[in-house]
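Residue-level listing of the chains:
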Amino acid sequence: AQSVSQHNHHVILSEAASLELGCNYSYGGTVNLFWYVQYPGQHLQLLLKYFSGDPLVKGIKGFEAEFIKSKFSFNLRKPSVQWSDTAEYFCAVTAPNTGFQKLVFGTGTRLLVSP
Amino acid sequence: SAVISQKPSRDICQRGTSLTIQCQVDSQVTMMFWYRQQPGQSLTLIATANQGSEATYESGFVIDKFPISRPNLTFSTLTVSNMSPEDSSIYLCSAMRQAKETQYFGPGTRLLVL
(Lines give C-alpha, C1' and ligand atoms only; values in the text may rest on other atoms or scores of the structure.)
Protein backbone atom coordinates (compact mmCIF):
# COMPACT_ATOMS: atom_id res chain seq x y z
CA ALA A 1 0.00 0.00 0.00
CA GLN A 2 1.09 3.55 -0.63
CA SER A 3 2.29 5.76 2.16
CA VAL A 4 3.19 9.43 2.31
CA SER A 5 5.78 10.95 4.62
CA GLN A 6 5.96 14.58 5.60
CA HIS A 7 9.15 15.20 7.47
CA ASN A 8 8.29 18.41 9.26
CA HIS A 9 5.39 18.30 11.66
CA HIS A 10 5.73 21.89 12.82
CA VAL A 11 7.46 24.77 11.07
CA ILE A 12 7.78 28.30 12.39
CA LEU A 13 8.91 31.06 10.05
CA SER A 14 9.03 34.81 10.01
CA GLU A 15 7.28 36.72 7.26
CA ALA A 16 9.30 36.96 4.04
CA ALA A 17 11.24 33.79 4.84
CA SER A 18 11.37 31.05 2.22
CA LEU A 19 9.43 27.85 2.74
CA GLU A 20 10.08 24.28 1.71
CA LEU A 21 7.97 21.42 3.03
CA GLY A 22 9.12 17.91 2.31
CA CYS A 23 6.92 15.11 0.98
CA ASN A 24 7.95 11.60 -0.01
CA TYR A 25 5.72 8.78 -1.18
CA SER A 26 6.24 5.05 -1.41
CA TYR A 27 4.81 3.89 -4.70
CA GLY A 28 6.99 2.86 -7.59
CA GLY A 29 4.65 3.50 -10.48
CA THR A 30 2.72 6.42 -11.87
CA VAL A 31 1.08 8.57 -9.24
CA ASN A 32 -0.99 11.71 -8.99
CA LEU A 33 0.27 14.09 -6.32
CA PHE A 34 -1.51 16.80 -4.39
CA TRP A 35 -0.92 19.45 -1.79
CA TYR A 36 -3.95 20.49 0.23
CA VAL A 37 -4.09 23.34 2.75
CA GLN A 38 -6.34 23.82 5.74
CA TYR A 39 -6.44 27.38 7.07
CA PRO A 40 -7.59 27.87 10.67
CA GLY A 41 -11.32 27.32 10.90
CA GLN A 42 -11.65 26.55 7.21
CA HIS A 43 -12.02 23.38 5.20
CA LEU A 44 -9.43 21.54 3.19
CA GLN A 45 -8.58 23.25 -0.09
CA LEU A 46 -6.50 22.17 -3.05
CA LEU A 47 -3.25 24.12 -3.31
CA LEU A 48 -1.80 22.41 -6.36
CA LYS A 49 -1.59 19.06 -8.12
CA TYR A 50 0.64 17.07 -10.42
CA PHE A 51 -0.72 14.53 -12.89
CA SER A 52 1.86 14.55 -15.70
CA GLY A 53 4.03 16.87 -17.81
CA ASP A 54 6.20 19.64 -16.40
CA PRO A 55 7.40 18.41 -13.01
CA LEU A 56 7.39 21.96 -11.64
CA VAL A 57 3.80 22.87 -10.92
CA LYS A 58 2.48 26.21 -9.79
CA GLY A 59 -0.50 26.56 -7.52
CA ILE A 60 -2.48 29.29 -5.88
CA LYS A 61 -1.07 32.02 -3.66
CA GLY A 62 2.47 31.77 -5.03
CA PHE A 63 3.06 28.16 -4.05
CA GLU A 64 4.86 25.70 -6.28
CA ALA A 65 5.96 22.09 -6.01
CA GLU A 66 8.50 19.98 -7.83
CA PHE A 67 7.99 16.33 -8.66
CA ILE A 68 11.30 14.43 -8.60
CA LYS A 69 10.51 10.89 -9.67
CA SER A 70 13.95 9.50 -8.81
CA LYS A 71 13.54 10.71 -5.24
CA PHE A 72 9.82 9.88 -4.91
CA SER A 73 9.41 13.44 -3.71
CA PHE A 74 6.95 16.29 -4.21
CA ASN A 75 8.22 19.16 -2.08
CA LEU A 76 6.21 22.33 -1.63
CA ARG A 77 7.92 25.70 -1.88
CA LYS A 78 7.17 29.38 -1.56
CA PRO A 79 9.88 32.02 -1.88
CA SER A 80 8.41 34.46 0.62
CA VAL A 81 5.74 33.48 3.14
CA GLN A 82 3.09 35.75 4.58
CA TRP A 83 1.31 35.70 7.90
CA SER A 84 -1.80 34.53 6.04
CA ASP A 85 0.01 31.33 5.04
CA THR A 86 -0.36 30.07 8.60
CA ALA A 87 -2.16 26.78 8.09
CA GLU A 88 -1.79 23.04 8.03
CA TYR A 89 -0.43 21.56 4.80
CA PHE A 90 -1.12 18.01 3.64
CA CYS A 91 0.63 16.09 0.90
CA ALA A 92 -1.44 13.32 -0.70
CA VAL A 93 -1.15 10.74 -3.45
CA THR A 94 -3.41 8.58 -5.60
CA ALA A 95 -2.17 5.58 -7.59
CA PRO A 96 -3.44 3.32 -10.37
CA ASN A 97 -3.97 0.33 -8.07
CA THR A 98 -6.95 2.24 -6.65
CA GLY A 99 -8.02 3.75 -9.95
CA PHE A 100 -6.50 7.06 -8.89
CA GLN A 101 -9.46 7.44 -6.54
CA LYS A 102 -8.24 6.90 -3.00
CA LEU A 103 -6.24 9.73 -1.52
CA VAL A 104 -3.52 8.69 0.88
CA PHE A 105 -2.50 11.61 3.05
CA GLY A 106 0.68 12.45 4.87
CA THR A 107 0.56 13.39 8.53
CA GLY A 108 0.48 17.10 7.77
CA THR A 109 2.76 20.03 8.56
CA ARG A 110 1.60 22.89 10.73
CA LEU A 111 3.09 26.16 9.53
CA LEU A 112 3.10 29.20 11.76
CA VAL A 113 4.23 32.46 10.19
CA SER A 114 5.00 35.19 12.65
CA PRO A 115 4.45 38.79 11.53
CA SER B 1 -14.62 22.43 -8.83
CA ALA B 2 -17.43 21.11 -6.65
CA VAL B 3 -18.99 22.89 -3.70
CA ILE B 4 -19.75 20.53 -0.85
CA SER B 5 -21.78 21.19 2.26
CA GLN B 6 -22.14 19.07 5.37
CA LYS B 7 -24.67 18.99 8.18
CA PRO B 8 -24.29 19.27 11.09
CA SER B 9 -21.10 21.30 11.29
CA ARG B 10 -20.53 20.11 14.83
CA ASP B 11 -22.26 18.09 17.52
CA ILE B 12 -21.77 16.84 21.04
CA CYS B 13 -23.22 13.39 21.62
CA GLN B 14 -23.58 10.91 24.44
CA ARG B 15 -21.89 7.55 24.24
CA GLY B 16 -24.08 4.78 22.89
CA THR B 17 -26.05 7.06 20.59
CA SER B 18 -25.77 7.45 16.82
CA LEU B 19 -25.30 10.50 14.61
CA THR B 20 -26.03 10.82 10.91
CA ILE B 21 -23.97 13.28 8.90
CA GLN B 22 -25.25 14.59 5.60
CA CYS B 23 -23.15 15.58 2.60
CA GLN B 24 -24.55 17.54 -0.33
CA VAL B 25 -22.66 18.35 -3.55
CA ASP B 26 -23.76 21.19 -5.80
CA SER B 27 -23.56 19.06 -8.95
CA GLN B 28 -23.54 15.42 -9.95
CA VAL B 29 -20.34 13.58 -9.16
CA THR B 30 -19.19 10.07 -9.90
CA MET B 31 -17.48 9.37 -6.61
CA MET B 32 -18.05 10.38 -3.01
CA PHE B 33 -15.88 9.48 -0.05
CA TRP B 34 -15.91 9.74 3.73
CA TYR B 35 -12.77 10.50 5.75
CA ARG B 36 -11.97 10.77 9.43
CA GLN B 37 -9.47 13.18 10.93
CA GLN B 38 -8.75 12.29 14.53
CA PRO B 39 -7.32 14.96 16.83
CA GLY B 40 -3.78 15.84 15.82
CA GLN B 41 -3.72 13.28 13.04
CA SER B 42 -4.06 13.15 9.28
CA LEU B 43 -7.05 12.14 7.21
CA THR B 44 -7.94 8.48 6.91
CA LEU B 45 -10.36 7.14 4.33
CA ILE B 46 -13.34 5.37 5.89
CA ALA B 47 -15.18 4.28 2.75
CA THR B 48 -16.20 5.03 -0.80
CA ALA B 49 -19.91 5.78 -1.07
CA ASN B 50 -21.26 3.98 -4.12
CA GLN B 51 -24.45 5.21 -5.73
CA GLY B 52 -27.11 2.51 -5.70
CA SER B 53 -24.99 -0.12 -3.96
CA GLU B 54 -23.22 -0.84 -0.70
CA ALA B 55 -20.27 1.32 0.26
CA THR B 56 -16.73 0.00 -0.03
CA TYR B 57 -15.01 0.12 3.34
CA GLU B 58 -11.31 0.44 4.08
CA SER B 59 -9.49 -1.88 6.42
CA GLY B 60 -10.48 -1.20 10.01
CA PHE B 61 -13.90 0.24 9.20
CA VAL B 62 -17.11 -1.79 9.08
CA ILE B 63 -20.62 -1.21 7.87
CA ASP B 64 -22.24 -1.89 11.24
CA LYS B 65 -20.27 0.94 12.83
CA PHE B 66 -20.33 3.38 9.88
CA PRO B 67 -23.35 2.71 7.67
CA ILE B 68 -23.32 4.86 4.55
CA SER B 69 -26.04 5.72 2.08
CA ARG B 70 -25.79 7.28 -1.34
CA PRO B 71 -29.25 7.50 -2.91
CA ASN B 72 -28.20 9.70 -5.85
CA LEU B 73 -25.26 11.42 -7.51
CA THR B 74 -25.24 14.48 -5.27
CA PHE B 75 -25.99 13.25 -1.75
CA SER B 76 -24.58 10.85 0.83
CA THR B 77 -24.91 10.18 4.54
CA LEU B 78 -22.55 8.66 7.08
CA THR B 79 -23.85 7.35 10.38
CA VAL B 80 -21.55 6.91 13.34
CA SER B 81 -23.27 4.20 15.37
CA ASN B 82 -23.09 3.29 19.05
CA MET B 83 -20.61 6.08 19.64
CA SER B 84 -17.78 6.05 22.14
CA PRO B 85 -15.34 8.84 23.06
CA GLU B 86 -12.84 7.28 20.63
CA ASP B 87 -15.16 8.33 17.79
CA SER B 88 -14.53 12.00 18.58
CA SER B 89 -13.12 13.28 15.31
CA ILE B 90 -13.74 15.47 12.34
CA TYR B 91 -15.63 13.60 9.63
CA LEU B 92 -15.17 14.88 6.09
CA CYS B 93 -17.00 14.19 2.89
CA SER B 94 -15.26 14.51 -0.45
CA ALA B 95 -16.30 14.21 -4.07
CA MET B 96 -14.68 13.60 -7.42
CA ARG B 97 -16.32 14.12 -10.78
CA GLN B 98 -14.28 11.47 -12.54
CA ALA B 99 -11.50 9.08 -11.62
CA LYS B 100 -8.01 10.55 -11.95
CA GLU B 101 -9.29 14.01 -11.16
CA THR B 102 -9.17 16.25 -8.12
CA GLN B 103 -11.10 15.48 -4.93
CA TYR B 104 -12.89 18.37 -3.29
CA PHE B 105 -13.72 18.39 0.38
CA GLY B 106 -16.59 19.55 2.50
CA PRO B 107 -16.10 21.69 5.61
CA GLY B 108 -16.24 18.69 7.93
CA THR B 109 -18.37 17.71 10.90
CA ARG B 110 -16.69 18.08 14.26
CA LEU B 111 -17.98 15.37 16.60
CA LEU B 112 -17.36 15.18 20.33
CA VAL B 113 -18.58 12.09 22.18
CA LEU B 114 -18.90 12.32 25.95
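Counting restarts for each chain, with residues numbered from 1 along the sequence as it is written. Chain A is the first chain written and ligand 1 is the first ligand written, with later ones labelled in order. Thresholds applied to this predicted model are a pLDDT of at least 70 for local features of residues and 80 or more for the giving and counting of side-chain atom pairs; totals over whole chains, interfaces and linings are not thresholded and use all residues. Calculation of side-chain values draws on the structure's entire complement of heavy atoms; hydrogens and water are dropped beforehand.

**Describing unusual backbone geometry**
Where the residue is not glycine, phi is negative for most of them; where a peptide bond is considered, it is trans in most cases. Operational definition: Only DSSP runs of H or I reaching four residues or more are called helices, and only runs of E reaching two or more are called strands; each is numbered from the N terminus.
A cis geometry characterises the amide bond from Lys7(B) onward to Pro8(B), with omega recorded as -10°. As for its placement among the helices and strands, Pro8(B) is situated in the loop between strand 1 (4-7) and strand 2 (10-13). The phi torsion at Phe72(A) lies on the positive side, around 50°, for a residue other than glycine. Looking at where Phe72(A) falls in the secondary structure, it is placed in the loop between strand 8 (64-68) and strand 9 (73-78).

**Looking at the packing of aromatic side chains**
Put simply, the rule reads: Think of it this way: a Phe, Tyr or Trp ring, Trp meaning its six-membered ring, pairs with another when their centres are within 6.5 Å, and the plane angle makes it stacked under 30 degrees, edge-to-face over 60, tilted otherwise. Summary of the burial criterion: residues with accessible area below 20% of their type's maximum are buried, those above 50% are exposed, and those between are partly exposed, where the area comes from a 1.4 Å probe applied to protein chains only.
Using the criterion set out here, one finds 14 aromatic pairs over all chains in the structure. Considering the side-chain rings of Tyr36(A) and Phe105(A), the 5.8 Å spacing of their centres and the 50° angle between planes classify their relative orientation as tilted. Placement of the pair is Tyr36(A) in strand 5 (residues 32-38) and Phe105(A) in strand 11 (residues 104-105), with a sequence separation of 69 residues. Its relative accessible area of 1% is what places Tyr36(A) among the buried residues. On the basis of relative accessibility, which here comes to 8%, the residue Phe105(A) falls in the buried class. Judged by centre distance (5.4 Å) and plane angle (50°), the rings of Tyr35(B) and Phe105(B) are tilted. One end of the pair, Tyr35(B), is in strand 4 (residues 31-37); the other, Phe105(B), is in strand 10 (residues 104-105), with 70 residues separating them in the sequence. Of the two residues, Tyr35(B) and Phe105(B), both sit in the buried class.

**Here's the deal with the interface of chain B and chain A**
Applicable threshold: The contact criterion used throughout is that any non-hydrogen atoms of two residues lie within 4.5 Å. The term buried area means the drop in 1.4 Å probe accessible area that two parts suffer when joined, counted for both and summed. In what follows, salt bridge is the name for a side-chain nitrogen of Lys or Arg lying within 4 Å of a carboxyl oxygen of Asp or Glu. Distance and chemistry together define a polar contact, namely a pair of N or O atoms within 3.5 Å, with one atom able to donate a hydrogen and the other to accept it when in protein, and with adjacent residues in sequence counting only for side-chain atoms on both sides.
Listed per partner, the contact involves 18 residues of chain B and 18 residues of chain A. Summed over both sides, the interface of chain B with chain A buries roughly 1500 Å², with 58% coming from carbon and sulfur. Among the residues chain B hides against chain A, the three largest losses belong to Lys100(B), Thr102(B) and Phe105(B). Together they make up 31% of the total. Applying the counting rule to chain B against chain A returns one salt bridge. Put simply, Lys102(A) and Glu58(B) hold a salt bridge, and the shortest N to O gap is 2.9 Å. In this structure, the connection of chain B to chain A is made through five residue pairs in polar contact (both at pLDDT 80 or more).

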